[in-house]
Each structure stands twice: as structure tokens, then as C-alpha cells.
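The lines below spell out each chain.
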Amino acid sequence: MKTDVKEKRKKKDKKGTNLSKVYLLFREYGLPAIVLLFAYIGYKIRAVTSSYKTFLDPDTFFHFEMYKLAIHDWIPKYYAYAEPPMGIKASGYLGLYTMQALFYKITHALFGWSELQAFKVWPPFVGAMIVIAVFLVGRKLHSNWAGFWGASLMMGFYGAITKTYSGNNRGEGPFMMFFLFAFYFLLVYLDEREWNWKKVAGAVAFLILSPIYMGVWTGSPLGVMIFLATGAVVPVVFFAFGRMEELRRFVFEYYPILGLSILLGLFGVYIRFVGIGSFLVFSLEVLAAMVALTLIMLYGERLGLNYSDMAHRLGTVIGVSIAGFLAIYAYFGKDLFNFLKAATRSTPLYQTVAELQGISWSQLIKTFSLKPIYRNGAAASGDSIIFLLSVASLVILLWRFYRHVKNGSYELYKDFMPVFYYLGVIYLFKQAIRFSFQASGAVILLAGIALGEAFIFVEKMKDTATTKALYALFLVLILFPMPYISASYSYTNQKNMIRSYELINPKMPGSVPEAWTDALFWIKNHSSPYATVLSWWDYGYWEESSLLSHRRAVTDGGHGYDRRYIVARFFSGFDTNAEVDLEAWEDKYIITFLDPFDGQSDFGKFGAIAYLGGAINHYDYTHVPMFSYIPYQYIVFDNKTKSIYVKVGENQYLKPEMTVDLINGHFYKTSGGASPYVLYIVPYRTSDNKVYPVGILAYKKVAFSDYVRLALHLPYSINEWDAQKLFANFKLVYTAYNGYLKKQGIYDPSVRVYEFNPFAIYRMDFLQNGTWKPFYSTMAGGKLPLGNQTLRLWISAFGRDVKNGTIIFEAYNGTKLIEKEVVARNVYINHLNETPVEVHLYVPNATKYRFILIQDGPVGVTNGPVYVNGKLANPSWVIAPGQSGTIKLTEAFDKDYSNVEFTLRGVVYYYIAPNGTDIYKPDFYLEPRMDIVGYIPVKTISSVKKGDNVITGKASVPADFIDSYIKELKKKYGDKVVIVSKRIEPIFIAKKTYVLWEGN
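Residues numbered from 1 in each chain as written. Predicted model: local features only at pLDDT ≥ 70, side-chain atom pairs only at ≥ 80, totals over all residues. Heavy atoms only, no water.

Caption draft 1: Representation of the overall build of the chain within the structure. In terms of regular secondary structure, the chain is built from 28 helices and 33 strands. The globule rule puts the C-alpha radius of gyration for 1000 residues at 30 Å, and the 33 Å found for the chain is close to it. Summarising its shape, the C-alpha atoms of the chain cover approximately 120 × 70 × 60 Å along the three principal directions. By residue count, 57% of the 1000 residues in the chain fall in the buried class. Partitioning the contacts of the chain with sequence separation of at least 6, the portion at a separation of at least 24 is 70%. Accessible surface for the chain amounts to roughly 41,200 Å². Of this, 57% is attributable to carbon and sulfur atoms. Taken as two groups, the 103 positive and 79 negative side-chain charges of the chain have centres that lie 6 Å from each other. (Helix = DSSP H or I, 4+ residues; strand = E, 2+ residues; numbered from the N terminus. Rg over C-alpha atoms; globule rule 2.2 N^0.38 Å. Buried < 20%, exposed > 50% of the residue type's maximum accessible area, 1.4 Å probe, protein only. Contact = heavy atoms within 4.5 Å. Areas by Shrake-Rupley, 256 points an atom, 1.4 Å probe, with all protein chains shown as cover. Lys, Arg positive; Asp, Glu negative; His and termini not counted. Charge placed at Lys NZ, Arg CZ, Asp CG, Glu CD.)

Caption draft 2: How the structure looks around the packing of aromatic side chains. Applying the stated criterion to the full structure yields 92 aromatic pairs. Taking the centre distance of 4.8 Å and the plane angle of 15° together, the rings of Phe250 and Tyr254 count as stacked. In this pair, Phe250 and Tyr254 both sit in helix α10 (residues 244-270), four residues apart, roughly one turn of the helix. In terms of burial, Phe250 and Tyr254 fall into one category: buried. Arg249 extends its terminal NZ or CZ atom over the ring of Tyr410, reaching a point 3.6 Å from the ring centre. Positioned over the ring face of Phe435 is Arg434, at 5.7 Å from the centre of the ring. (Phe/Tyr/Trp six-rings, centres within 6.5 Å; stacked < 30°, edge-to-face > 60°. Lys NZ or Arg CZ within 6 Å of the ring centre and 35° of its normal.)

Caption draft 3: Region of the structure containing the confidence of the model for the chain. Per-residue pLDDT for the chain has a mean of 91; in total, 95% of the residues score no lower than 70. Note that residues 12-16 has pLDDT below 50 and, in this model, one contact with residues that lie over four places away or in other chains. (pLDDT = per-residue confidence, 0-100.)

Caption draft 4: Inspection of the sheet that holds strand β5 (residues 532-534) at higher detail. What the five strands build is an open sheet, ordered β6-β5-β7-β18-β16; its pairing is mixed. Unpaired on one side and paired on the other, β6 (552-553) and β16 (730-736) mark the two borders of the sheet. Sheet topology places β5 next to β6; two bridges connect them, and they run parallel. In the sheet register, Thr532 faces β6, and the bridge partner there is Arg552. Each of β5, β7 (587-593), β16 and β18 (751-756) touches helix α20 (residues 514-526); the most contacted strand, β16, lies at about 125° to it. (Pairing = 2+ DSSP bridges. Axes fitted to C-alpha atoms, helices over the stretch in contact; angles between N-to-C directions.)

Caption draft 5: Structural context of empty space enclosed by the protein. The tally for this structure, following the rule as stated, stands at three cavities of 30 Å³ or more. As a volume, the largest cavity reaches approximately 60 Å³. Taken together, Asp575, Glu579, Asp706, Arg709, Asp722, Lys725, Leu726, Asn729, Ser796 and Phe798 make up the lining of the largest cavity. For the lining of the largest cavity, the secondary-structure elements that each account for two or more residues are α25 (706-711) and α26 (722-729). Residue contributions to the lining of the largest cavity peak at four residues, all from α26. For the lining of the largest cavity, the class distribution of residues is two nonpolar, two polar and six charged. (1 Å grid on protein atoms, 1.4 Å probe; cavity = no way out; pocket = protein on both sides within 12 Å on 5 of 7 lines; lining within 4 Å. Points joined across faces, edges and corners; volume = space filled by probe spheres on them. Nonpolar A, V, L, I, M, F, W, Y, C, P; charged D, E, K, R; others polar.)

Caption draft 6: Broad picture of the side chain of Thr107. Relative to the helices and strands, Thr107 resides in helix α4 (residues 94-111). Judged by its relative accessible area of 4%, Thr107 falls in the buried class. At 2.8 Å, the side chain of Thr107 and the backbone oxygen of Phe103 are in polar contact. Each residue touching Thr107, except ones within four places of it in the same chain, is listed here: Gly112, Trp113 and Ala118. (Polar contact = N/O pair within 3.5 Å; in protein donor to acceptor, adjacent residues only side chain to side chain.)

Caption draft 7: Highlighting the environment of Phe387. Relative to the elements of secondary structure, Phe387 occurs in helix α15 (residues 385-407). Relative accessible area serves as the criterion here: at 10%, Phe387 is assigned to the buried category. Residues Phe387 and Pro958, 571 residues apart in the sequence, show an inter-C-alpha distance of 58 Å. Discounting residues that sit within four places of it in the chain, Phe387 has contacts with Leu364, Ile365, Phe368, Tyr422, Ile426 and Val443.

Caption draft 8: Region of interest: the pairing of strand β19 (residues 759-768). The element β19 is largely enclosed, with a buried count of eight among its 10 residues. Sheet analysis places β19 next to strand β21 (residues 787-797), joined by seven bridges and oriented antiparallel. Following the sheet pairing, Phe766 is matched in β21 by Leu791. Taken together, the six bridges between β19 and strand β20 (residues 771-777) define a ladder with antiparallel strand orientation. Of the residues in β20, the one forming a bridge with Met764 is Tyr776. Between β19 and β20, which pair antiparallel one after the other, the connecting turn spans two residues, and Asn769 there sits at a positive phi close to 55°.

Caption draft 9: Main features of helix α5 (residues 115-141). Between its first and last C-alpha, α5 extends 38 Å over 27 residues, near the 39 Å set by a 1.5 Å rise per residue. Maximal helix bending in α5 amounts to about 30°, located at Trp122; proline Pro123 follows within four positions. With 20 of 27 residues buried, α5 lies mostly within the body of the structure. (Expected span 1.5 Å × (residues − 1). Bend = angle between axes of the 7 residues up to and from the residue.)

Caption draft 10: Fine view of the sheet that holds β19. Reading across the sheet, the four strands line up as β20-β19-β21-β24 and stay open at both edges, with antiparallel pairing between neighbours. Unpaired on one side and paired on the other, β20 and β24 (837-843) mark the two borders of the sheet. With strand direction ignored, the average angle separating the axes of adjacent strands in the sheet is 35°. Sheet strands touched by α26: β19, β20 and β21. Its angle to β19, the strand with the most contacts, is close to 125°.

Caption draft 11: Local environment of the packing of helix α9 (residues 221-240) against helix α11 (residues 277-299). With their axes 11 Å apart at the nearest point, α9 and α11 run at an angle of 5° to one another. Taken together, the axes of α9 and α11 lie roughly parallel to each other. Judged by residue contacts, Pro221, Val224, Met225, Leu228, Gly231, Ala232, Pro235, Val236 and Phe239 of α9 engage Phe279, Leu280, Ser283, Val286, Met290, Leu293 and Met297 from α11. Along the lines of polarity and charge, the residues of the contact of α9 with α11 split into 14 nonpolar, two polar and no charged. (Parallel < 35°, antiparallel > 145°, perpendicular 65-115°, else oblique.)

Caption draft 12: Structural detail: helix α17 (residues 436-459). Between the first and last C-alpha of α17 there are 34 Å, a value that for 24 residues agrees with the 34 Å anticipated at 1.5 Å per step. With 21 of 24 residues buried, α17 lies mostly within the body of the structure.

Caption draft 13: Structural detail: the pattern of salt bridges. Counted according to the given criterion, the structure contains 39 salt bridges. Across the pair Glu65 and Lys68 runs a salt bridge, and its minimum N-O distance is 3.8 Å. With Glu65 and Lys68 both in helix α3 (residues 58-73), this residue pair falls three residues apart, about one helical turn. Judged by its relative accessible area of 7%, Glu65 is buried. Ionic pairing is found between Asp923 and Lys921, a salt bridge with its closest N-O pair at 3.9 Å. For Asp923, a relative accessible area of 33% puts it in the partly exposed group. In this structure, a network of salt bridges that share partners links the residues Glu83, Asp562, Arg905, Arg983 and Glu985. (Salt bridge = Lys/Arg side-chain N within 4 Å of Asp/Glu carboxyl O.)

Caption draft 14: View of the environment of Val443. With respect to the element layout, Val443 can be found in helix α17. Among the residues examined, Val443 registers a relative accessible area of 0% and is labelled buried. Separated by 52 residues in sequence, Val443 and Val391 place their C-alpha atoms 8.5 Å apart. Each residue touching Val443, except ones within four places of it in the same chain, is listed here: Phe368, Ile386, Phe387, Ser390, Tyr422 and Ile426.

Caption draft 15: Here's a closer look at unusual backbone geometry. Here the amide bond leading from Pro84 into Pro85 is cis, since omega sits at 5°, within 30 degrees of zero. Positionally, Pro85 belongs in the loop between β1 (78-79) and β2 (88-89). Residues other than glycine seldom take positive phi values, yet Glu83 does so here, at roughly 50°. Take Glu83: it is sitting in the loop between β1 and β2. We classify Glu83 as buried; its relative accessible area is 11%. Despite not being glycine, Asn689 shows a phi value in the positive range, around 65°. Along the chain, Asn689 falls in the loop between β14 (675-686) and β15 (691-699).

Here is the structure:
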């Protein structure tokens, strides 16, 4: 079988290349055998972290749940635990879960592995296969030596391990594996001049792997772009230099197989395996434009175009390309540039995501070191050897590209593809730190080519075979320490990482601190299986995980992005400004994690929370720390000035505006020359019941926020009764302690769980001789006076009004109800301007009393896929405005209800930007809002039972249901309003019982 590669090798041999038979056998068979050893070592390094009980990466908790669904469904349809109460239509990189499920099916059949065992092995297996893939691609692009050295570096390079160690099951690793194998088989197909079994096998393998690499990661457009760019540039180069035979051969071989791969990707979109449908449609249209340009290049002379020299040919290409671009832009508009929008800091939310932060060139270069040292997610120091080798290879490939162009070589695509791959991922990495792993694939591939070039240079020397073998051996001895150093460094890091996780949670090793596992297991054992939990989004996947609490989370790492603004508003604000309708999400529990001793806690994340919640502006977010931990010995009280100072450096002191001493019950306020901080002196308890004082310095704009007061359980507030109201609505039900400190005898209440009640009595007065006298408050408590009473009930309505409510008084002896009386009807309370409710009642002598409120409220959670007219629908956008259909869903209720209203609720999430919408201006800040537009009645259901209920109903959504509301917003706020999202979601409403107060 003739191939271009074989013909070249024959020519080299005829020129007298003097290589021993032993050396050739070693190069052809020995090196691949050693690469298999590298793959095994790479697997073992990545599998070090497989001994934990949970996972090291938060996203992996979600991937595990989806993977379990895929084992049964193959293509997951619906996930109930995100964005409650609706859940989500499963989307994105569904191929990842199917491939993991297939891996489980195979390994379970062969070895009897459990779901968890197979899931833990998958990432290191992927890492091992990437080692082999780098060898094969390097071998095809350059030589066995290039593949060998690329594989040796991929074996243990730390940056290439991060997404393939056990406990990190994201899509980046599988994408690299399947893409590199697809790349290799495409090269096999292209290298064969004649149709033979190799060419057919290469084509078939490429077409099989294409939809797989497209389906396992949402960033998979990267792979399609590399192949598209090759199909666009290589023919133009052939044409520009007048190589019409090569042009014809390339496009007739490359375009059909590329088009087929895109069509197979679109079929994957149709069956929901692939999640990049819009990009693939765009790619097909680009390919059509490339075909049109090629037809002009091949047959344009027949139409009178002048192809007599390079200038005319280039002019033709440029003119047609500009016309094509303008046509595409006219078709797509600004959406043409939105394919990578989620990978940039293009919104306030994305500005706060650590993985989307850009890095400096210095950090980028140092990332590709044998022993990179990371700080804050980016490389701070290192030898940069791998990067320098990649730059050398870039020069080599560009030189080869020039030579191939000059000589008219058909194989110039082998130079262009790795160069474009390299430049593309380096650009992405420069834009966002999350792309460091993808960049490592291209950088290592090129570094291997640079090292391979050195061996090819030796092979071409005009010395004896023995001399060249000695040179090759010398090179191996010099270079072999590189992969050894890299692998040893990564292995040590993996060992250290697992040890560090064992410290934070020896009972259940993994990334979840012991306080969190304690809290989540408490929720699992003490709440309804349909309960919803709210925390900052980083912990949502923990709350959803079947390994932990297995409860619904308001927002998590990949869902409820629009809700994060509203959660941040609640957390970072106070008083009525922070009140949001948490019951709209049917939230039941709030979890806080503000631990000054734990670097994972919201202590370090509160800048993002405060920024998204509108408590601070962009300048504050980028320049001002929200919190600092202050050792007690650094707090100094000046008796002369009666002021408190905080030591912040050598002979440097800061004077906070306020100090709240919760140990001694003192409050200090400083005037003049003070820094904008509030100092809290918080008492922690030790195992021998002594006080362990800790100072927490909080930026004044967030110091009295709801989150800070809940997290530290602070009774202090600026406005009278504010704290009383807050702790009436949020009742502390569980405290979990920092496990590491607890073992040292210090009880640090790291995680607190609050039960949320949207309506609660925070104060009661009774009428005596014509005067109202207070007898109860949230903090002080108090007993109901006996006999006939006239009471004034102060009800905190958190984020939502009381409308047409009924208040009932109950008295119990033990569990026996002895008195029940309706004390108020048609109750209305404006949550932004609350007024007390006056009631008349008889209070018997009893052991327990309750005031309950009955009014309409949301009930139930969607517990299965939502279908509209028989087709799978998005639960957050069930029926679009102007459309109608029959909805079918499964709704789960915590108890039996009667007269339940099935509705569609319209919601708009947006923010107002008083100082303009430029998110990079120092004075930019936002005011987040969540407005319920209205409800569309679907059906009245006479009764539902506890548990799952299959419900159907016909609905029609007015065309202007959402847009008319948005138009009014824009009239009111002009260009200062930014719409974040729109929702039309199924909500069930029934008469609901709220316990306003319970006591004696």
C-alpha cells in the first residue's frame, strides 16, 4: 500500500540514512511498549485520590447523579434536584454521562464493579488513554520519538492531571481523549493515498469518535473549530500557490468526511447525546461557504476570473471571504460572537467565577513547568521548561509549514493543525484559567515534537549507526529526568491532597468538610424528601448529592444562575432591602458557612456575594476585602482614647468604626479617623468550657447583613426589631462544628442550619388598662397571659405579603388539642410596611400554644420529566408566549391537599444599574430583582395525595405575557434595566398552614 509517509521514508533510506536494525525495531516497537508503561504510571498517579468516600471536585457530585441516571436511561431526560420546585430538563454534555455509563456496564460485566467504583476509575482511565493518544498523534504528526516524549510528559504533568484524577469527573478530560483519538484517525485517513483498509478504518473511527467528542463537553466547539479552520486555510494555501492538484485531492477527501462528522454530531443533538446544536448548525453553514469558495477556486477561471498569479488568486479568496462573512453576519447578527460568551467575564456573575478569571503571560508560561507552584489557582513560579519546548516546536512547525508550502507538499495540514490547536487553546487559557487543562494537551504535544526533532536530527547525521545510537542514548539520559521529575512531583501532590482532605474530614474523606457532612446528614434524617435547601451556590451539588443530604438546592454550580443574584441580595443586605420571596422556590432550610478558620468557607467568597447582591460596587469588589480574621492578641484597647485598635502589620494598626464585643456585651463606636470596618469579637467555646475569643473584621457595607448575622448568630442590628424579625423567620435547628478544630478542643460553629418560615410572630403585646404592654419577643421569649385577652401580633412577612389569611389559635395539653379558635380573618400584611394584627381570644391553662396562619401558598415539587404535547419540555419555560399545549408532569406533595390550583407562573429576573450598565466601571453596582409577572390558570384539581401524582392540563400563554411586563420595566428604568432571565414554570397553589408561633 502506497502512502506519502512510506514513500518519503524510502527516499530517506536511499539517501543513505544509516540506522541499525536493532535501533529501528526499538523505535518502532520498543517505544510504543514503553508508552504503555507510561500510561499505566499515569493511571496510578491519577488513581491516588480514589480512596476517599466522596469526591474532590464539587461538580463531580452532580456528574455522579447524572451518570446514575444514564446507567438506566442512557440519555438523561430530567434532574429533579436543581432549580426547585420545577427541576431541570437535563441538557449540556449528556454524552459524558452516557460514556461513563457504558464504561460502568463493561467494567461491571468484567470485574463486578459497583457504580461508585467504576465512576472513580473513569477519570484515571481517561488520563491513561490520553497518554496513549498523545503518542499516536505525535507519531503521526512527526515521529515515534515525538509521540514518545509527548506521552512521557503527559504521564505526569500536573496541569494535565487536574481534570483526570479520581474525583474530578468533568468533561474536559474525556473531550481531550476522544478528540485526540479522532485527530489521530483523521490523520490516518488523510495519509493514505489510495483507498485501503487503513483509510477506511481511519475514516470510520473518525466518524464514530466525532459525535462522542462533541457530546462529552460543552466546550467541544473547540475541536470542531480546529477541523473547520484546517478545512478553510489549507485549501486557500494550495490555491494561493497554484497547487490545484493538491487542492482538489484535499477538498475531495477532507470536506466530505468533515461534513459527515458534523451531520453525525447533529444526529447526536437530535437524540440529545450532543449539546452544541446551534454551533454545529453554524459549522455546517460555514462548511457550505467553504465549499462555495472551493468551487470558485477550482472552476473560477471558466467564469472569467484571473488566476494567473498569486496576487489575483489571493484577491479572489479575500473578496469571496469578505462577502461570505458579511452574509453570515447578516444571518446571525451579534449571536455570531456569542459561542464563547459563557467562557468570558461578560456579566457581573461571570466576573465573580474564579475559573473564568484571566491570567498574565507570566503565569501562563510558568504553568507549563515540571514543578509549577500554584497560588490562587494560577502558577506563581516554575521552570517553564515545557512551555519553552512548545515555543521551539511552534517555530519548527511554522518553518516546516513554510517548506511544505514552498515545495507544494500535500502534508502541510500536519503542520497547520497542531499550530492552530496550540494557538487556539493558549488564547483560551489566557482569557480564562479554566482552560489550563485543555492548553496542556496542545503544549505537551508540541513539546514532544520539539524533543522528537532532536532525535530526528541525530538519525539524519552522517555517522555510523553505533555513534548515532550513542547520541540517542545520551539524549535519553539527559531528557529522561524531565518526565520523572514531573511525575514524581504530581504523585507527591496527589498524596498531599488526599492527606489534607483526610484532615478536614477523617470520617468521610473528600472535599466536603466534616461540619458539612454532619449538617447534610442531619437534614437528610430530619426533613421531607421534597425539602429545598438554600446556601451560596458553591455547595448546591453537595446538598443534591445522594451521598449526602439528597435534597433540592435553590442554585448550584451549573444551574439557577439567575437566582444567584437574588440569593446574594438576601445574603448581603439587611432589613426589607434584603427580603426576597424565598418561598417562591419553596425553600425550607438555609445553610451558612462563614468559618474564619476554613479557607473554603464564604469568609473568602463574600466579595462576590456582596457584589452580586448590590451591597458593594465594582471598585469595592476588586479592591476591598470583605472580611479578615483577627487573632485576639492583635486586638488592642486604648484606655486613654477609649478606642479599639487592630494590628494588621508590623507597627500598623487599624481603627474600626465600630466594635461589637459579644463576649462582654459591649459596643464601641469610633468617630474620626476610623477605617470603614466593624470588628466583631466572637466567643467560641473550648472543650473545657472556656471562651476562645476570635476577632472578625467586616467591611461596614456587609457587616450587618442577614448572612453575617445568621452565620455568626448575631442578635445585633442597626434598625430596631430587625434582628428579632430575622430570627423569627429563621430558626436555628442545627449547628455543625469544624471537625479539625474540634479535635483540638475548640468548638467552632462552622456550619449552621436554619429552618425558614416566611411568616412568623416576632413580638406580642397585650392590652392592660387601655395600654399595650409587650410580653414576648423572639430574643427574650415570654409566656401568653391566661384568660380573655386582647393581643397585638407583630408578624414578620419575609419577602411576601400575607393576603386573605386566616389566623387560628390552638392550645394543647401534651398532644391533645383543647382549644381551637379563629381569631382573625381576611388578614393582609404588606411585607415592606408591616402593621400588627389585633386579636381577641381566650387563653386556657395549657402546656403548649400555637398561632397558625392559613393562606394560599405554593405546594409540591415536580418529580419527573415535563411533557408538552407529548414532547419533553423545559420545566422553566414550559410553554412559550403565544403558544398552547397539553402539559403532563409528575408532581410530588408532602401531604394530601384539596382544591389545588395548577398554574403557570411568569417570573422575570433582572437588575437595575443606577450608575450605568458598564460592568467594568468602578462605580458600577446593581440592584437585583425577581418579579412574579402573574399566574396563568391551567386546572383546578379537587385533591392530590401524598407522594407522586401524574397531572395533565391544557394551557395557553398570551403572546405578551412576559414582554409587556418587560416593556413597562424599560419605560420606568430606561437603559439601566438589564434582563437576566425569563421563566414560565409550573406551580401548584393550595391553602397552606404556616406556624406563626409556638410556645407556652
